Amino acid sequence: NAGVTQTPKFRILKIGQSMTLQCAQDMNHNYMYWYRQDPGMGLKLIYYSVGAGITDKGEVPNGYNVSRSTTEDFPLRLELAAPSQTSVYFCATLEIYGTSGANEQFFGPGTRLTVL
Amino acid sequence: DQQVKQNSPSLSVQEGRISILNCDYTNSMFDYFLWYKKYPAEGPTFLISISSIKDKNEDGRFTVFLNKSAKHLSLHIVPSQPGDSAVYFCAARGNTNAGKSTFGDGTTLTVKP
């Protein structure tokens, strides 16, 4: 199993360009998340999805869009890149099972994005 | 208002000694607390968790302690090993919020041989 995969690993964008960060998982987890991590900071939730066709905003959604047409894929779209979106982006999955909510998230390796 | 705080950006310990990483939270609705470990250029990986109904959870060299009245938790690593050098994130979430976690800013642990 590949787990959670993200592409590309690195990308440099010019201001105003657009791009899609890809995230795919083969664990059949219903829950998926996009986080960004700025230097020296923790992870901030951008968007999340509890299943195919269902998405919702997280803490910092402005400037981003997502879609979830399948269980496996959860792409993140940047429409008009800005320098403030320079960050490392992590995709994560979660499967809540049993009565415990302490189940861990599984993270991809990240995409390092620079906007110049 | 930061709901999960890790007040020590860095910690350095000698190999074989104990490492203690601290985390404070403000939201009394948090039910679960998790620690993740992150190496450079990799995604975070799960280390250990604790439910709010417990005050201690142990897994090998790693123990997490929870003090609900103080809204404080700590991760103890005994004995510390050079391979433990990484960034450690504390995360918290409620039981009914779609698994969304709030993360602290992380503590960089360096274990010196």
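Residues numbered from 1 in each chain as written. Chains lettered and ligands numbered in written order. Predicted model: local features only at pLDDT ≥ 70, side-chain atom pairs only at ≥ 80, totals over all residues. Heavy atoms only, no water.

1. Notes on the overall build of chain A
When helices and strands are counted, chain A shows 0 helices and 11 strands. Secondary structure of chain A in N-to-C order comes out as β-β-β-β-β-β-β-β-β-β-β. For 116 residues, the compact-globule estimate of 2.2 N^0.38 gives 13 Å, and chain A sits close to it at 14 Å. Projected onto its principal axes, the C-alpha coordinates of chain A cover approximately 45 × 30 × 25 Å. Every one of the 116 residues in chain A was classed for burial, and the buried ones make up 46%. Counting every atom, chain A has about 5,500 Å² of accessible surface; 53% of that belongs to carbon and sulfur. (Helix = DSSP H or I, 4+ residues; strand = E, 2+ residues; numbered from the N terminus. Rg over C-alpha atoms; globule rule 2.2 N^0.38 Å. Buried < 20%, exposed > 50% of the residue type's maximum accessible area, 1.4 Å probe, protein only. Areas by Shrake-Rupley, 256 points an atom, 1.4 Å probe, with all protein chains shown as cover.)

2. Focus: the interface of chain A and chain B
Contacts between the two partners involve 24 residues from chain A and, on the opposite side, 20 residues from chain B. In this assembly, chain A packs against chain B so that about 1,700 Å² is buried in total across both faces, 58% of it on carbon and sulfur atoms. Between the two partners, chain A and chain B, sit 0 salt bridges. Linking chain A with chain B are 3 residue pairs in polar contact (both at pLDDT 80 or more). Looking at the side of chain A that touches chain B, the elements that each hand over two or more residues are strand S4 (31-37), strand S5 (43-51) and strand S9 (87-94) of chain A. Among the residues making up the side of chain A that touches chain B, the classes are represented as 14 nonpolar, 9 polar and 1 charged. (Contact = heavy atoms within 4.5 Å. Buried area = accessible area lost by both parts, 1.4 Å probe. Salt bridge = Lys/Arg side-chain N within 4 Å of Asp/Glu carboxyl O. Polar contact = N/O pair within 3.5 Å; in protein donor to acceptor, adjacent residues only side chain to side chain. Nonpolar A, V, L, I, M, F, W, Y, C, P; charged D, E, K, R; others polar.)

3. Focus: the sheet that holds strand S1 (residues 4-7) of chain A
Residue and element names in this part refer to chain A. Strand order in the open sheet formed by 4 strands is S1-S3-S8-S7, and the pairing between neighbours is antiparallel. The open sheet has two free edges, formed respectively by S1 and strand S7 (64-66), since each of these has just one partner strand. Sheet twist, expressed as the average angle between the axes of neighbouring strands with direction ignored, equals 20°. Of the pairings in the sheet, the one linking S7 to strand S8 (residues 76-78) comprises 3 bridges and is antiparallel in character. If you follow Tyr-64 over to S8, its bridge partner there is Leu-78. (Pairing = 2+ DSSP bridges. Axes fitted to C-alpha atoms, helices over the stretch in contact; angles between N-to-C directions.)

4. Topic: the state of the cysteines
Inspection of every chain in the model, using the stated rule, returns 2 disulfides over all chains. Disulfide partner of Cys-23 of chain A: Cys-91 of chain A, at an S-S distance of 1.9 Å. Here the disulfide of Cys-23 of chain A and Cys-91 of chain A is left-handed, its torsion about the S-S bond being about -70°. Placement of Cys-23 of chain A in strand S3 (residues 19-25) and of Cys-91 of chain A in strand S9 is noted, with a sequence separation of 68 residues between them. Exposure remark for Cys-23 of chain A: the relative accessible area of 1% places this residue in the buried category. Residue classification places Cys-91 of chain A among the buried residues on the basis of a relative accessible area of 0%. The disulfide bridge from Cys-23 of chain B ends at Cys-90 of chain B, spanning 2.1 Å between sulfur atoms. (Disulfide = S-S within 2.5 Å.)

5. Here's the deal with the nonpolar core
Phe-33, Trp-35, Leu-73, Leu-75 and Tyr-88 of chain B are the most contacted members of the largest nonpolar core, which has 23 residues in total. Elements that contribute at least two residues to this core include exactly strand S3 (19-25), strand S4 (32-38), strand S5 (45-51), strand S7 (62-67), strand S8 (72-77), strand S9 (86-93) and strand S11 (107-112) of chain B. Ranked by residues supplied to this core, first place goes to S9 of chain B with 4 residues. Counting 19 residues, the second largest nonpolar core, distinct from the first, contains Val-66, Phe-74, Ala-81 and Leu-113 of chain A. (Core = buried A, V, L, I, M, F, W, Y, C linked by side-chain atoms within 4.5 Å.)

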